[in-house]
Amino acid sequence: MIDFNTLSKEELINLKQDLQKQYDGYLSLKLDLNMSRGKPCKEQLDLSNDMLNIKDYISSDNIDLRNYGILDGIKEAKDFFGSLLDIASKNIIIGGNSTLNMIYDAISRLYIFGYNGYTPWHKLDKVKFLCPVPGYDRHFDILEKFNFEMINIPITKDGIDMDMVEALCKEDESIKGIICVPLYSNPTGTCYSDETIKRLAKMETKAKDFKIFYDNAYAIHYVYEKINLYNIFDACKKYNTEDRIYYFFSTSKINFPGGGISLLAGSDNTIKDTLKHLSIQTIGYDKINQLRTVKFLKDKENTLKFMDKHANILKPKFDIVLNTLKENFKDNPILKWEEPKGGYFVSVNTENGLAKKVVSMCKELGVILTDAGSTYPKKLDPNDSNIRLAPSFPSIEELKKAMDIFCLCVKIATIDKMLA
Ligand SMILES: Cc1ncc(COP(=O)(O)O)c(C=O)c1O
């Protein structure tokens, strides 16, 4: 595809007429395609159907799991996730089916009660959080709910702009935390380097109750390349900063988002502090689901092999997105994109001021994308440029059509901007 910047005004007008005809053709098809959320497709969900046949309810230490109790999770689940994620099982609490719920609750507790004797955050004039951008909309929604001020931190090829993070945290006591996705980030696919993780562990923070919300949602969710993340607990141990970590993970995208299990991991102090409050919130989570999850996934080795099956389903879909972008924009730099090695998304950037327009044009043609702006706090993308594509849910045929339409809309919107 030719570089639009080399075309004359007349050539652009002619091209626009051609593209508009294609647009009008799609309009008459009344399509209904959705590339908006990172949901596993039916084929992926079906991989775990055998889990539903597991009816056991007696734990390995002979406890009847149908009854109340075991607030922090059953032993086999804590051992399983400890081994999978390389975290001591005593530092893990197994929760319900949603990490987001655990993140929301953890922030609520810090807000209402404070961490281990520190001033509760609701008593402070201002609480600020660092937000790597583009990032995950639901994280930002939680922080917005608590009225925290969100500071955008640019994503870099090694993770996040650590110079900026260190400078801010060192000076400003009202910065109480950062929320980040260290591996195959949503939406950029960014993987944090060892150096980035060590710096997060080592950095000086003026707030003594500074917390890193470390949402390792895609810890084993590779598509093209398996990447090992440096263990943040090991890094923190060295600098005696383990209390700053709130680590999250779930099986939402291993078995079922509607029936998985989540976990929170932290230092001894954090686990103790959390359980103190959690014991008032609940007598225990769904232990029967914990047991059948572990019986189904078995061990680390089997789980990693199981993730190959997900990768085999996802790879052709990511290929379509990335190859279509390449075919359309390799020589026409009106759209830029990241090449993720895993996770659930492809992040693209239009020319400034065009993301909202492209998303609404796609919608008019029946292709639903994540709302433009969603990848920024308060849905405010300062450049109106970032769009998140989610290839997992649609079928291959739907995805091909959706991507053709997306590329068409980018071209028309860009030509309109050039002609304006
Ligand atoms: C970074 C990140 N964290 C958390 C979630 C949701 O996790 P859960 O289903 O465990 O609530 C998602 C889902 O897309 C995500 O991308």
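Residues numbered from 1 in each chain as written. Predicted model: local features only at pLDDT ≥ 70, side-chain atom pairs only at ≥ 80, totals over all residues.

## A word on the sheet that holds strand S6 (residues 175–180)
Paired through their backbone hydrogen bonds, the strands of a sheet run either parallel or antiparallel. Ordered by their spatial adjacency, 8 strands build an open sheet running S2-S9-S8-S7-S6-S3-S4-S5, and the pairing between neighbours is mixed. On the outer flanks of this sheet lie strand S2 (92–94) and strand S5 (159–160), each paired with one strand and no other. Of the pairings in the sheet, the one linking S6 to strand S7 (residues 211–215) comprises 4 bridges and is parallel in character. Bridge pairing in S7 links Cys 180 to Tyr 214. Those strands touched by helix H4 (residues 99–112) are S7, strand S8 (245–250) and strand S9 (262–265), and its axis lies near 160 degrees from that of S8. (Pairing = 2+ DSSP bridges. Helix = DSSP H or I, 4+ residues; strand = E, 2+ residues; numbered from the N terminus. Contact = placed C-beta atoms within 7 Å. Axes fitted to C-alpha atoms, helices over the stretch in contact; angles between N-to-C directions.)

## Details of the nonpolar core
Tyr 214, Tyr 246 and Leu 264 are the most contacted members of the largest nonpolar core, which totals 71 residues. Setting aside residues no more than four positions away along its own chain, Leu 264 makes contact with Ile 93, Gly 95, Met 102, Ala 106, Tyr 246, Tyr 247, Phe 248 and Thr 274. One finds Leu 335, Met 361, Leu 365 and Ala 413 within the second-largest nonpolar core, a separate group that totals 37 residues. (Core = buried A, V, L, I, M, F, W, Y, C linked by C-beta atoms within 7 Å. Buried ≥ 20, exposed ≤ 12 C-beta atoms within 10 Å, placed from the backbone.)

## Section: the site of the ligand
The local shell around the ligand holds 13 residues, among which Ser 98, Thr 99, Ala 217, Ser 250 and Ser 252 are the closest. Considering only residue class, the shell around the ligand consists of 5 nonpolar, 7 polar and 1 charged. (Near = placed C-beta within 6 Å. Nonpolar A, V, L, I, M, F, W, Y, C, P; charged D, E, K, R; others polar.)

## Digging into the domain arrangement of the protein
Entries for the protein in the domain assignment read domain 1 (4–44 + 304–419) and domain 2 (59–298). Measuring from the centre of the C-alpha atoms in domain 1 to the corresponding centre in domain 2 gives 31 Å. At the interface, 25 residues of domain 1 touch 27 residues of domain 2. Of all the elements in the fold, those that place two or more residues in the side of domain 1 that touches domain 2 are helix H11 (300–329) and strand S13 (386–389). Looking at the side of domain 1 that touches domain 2, the element that brings in the most residues is H11, giving 7 residues. (Domains from an automatic or database assignment.)

## Topic: the sheet that holds strand S10 (residues 335–337)
Strand order across the open sheet formed by 3 strands is S10-S11-S13, with antiparallel pairing between neighbours. Both edges of this open sheet fall to S10 and S13, since each of them pairs with a single strand only. On average, adjacent strands in this sheet sit at an angle of 30 degrees to one another, irrespective of strand direction. Against the sheet, helix H12 (residues 355–364) makes contact with strand S11 (346–350) and S13, and its axis sits at roughly 40 degrees relative to S13, the strand it touches most.

## A closer look at the pairing of S8
Among the 6 residues that make up S8, 6 are buried, leaving the element largely enclosed by the rest of the structure. Side chains of S8 alternate between two faces, with Ile 245, Tyr 247 and Phe 249 and Tyr 246, Phe 248 and Ser 250 buried alike. In this structure, S7 lies alongside S8, joined through 4 bridges in parallel fashion. Bridge assignment links Asp 215 to a residue of S8, and that residue is Phe 248. For the segment spanning S7, helix H8 (residues 232–239) and S8, crossover handedness is right-handed. Bridge analysis of S8 against S9 gives 4 bridges, and the strand direction is antiparallel. The residue of S9 that forms the bridge with Ser 250 is Ser 262. (Right-handed = clockwise from strand over helix to strand, strands pointing away.)

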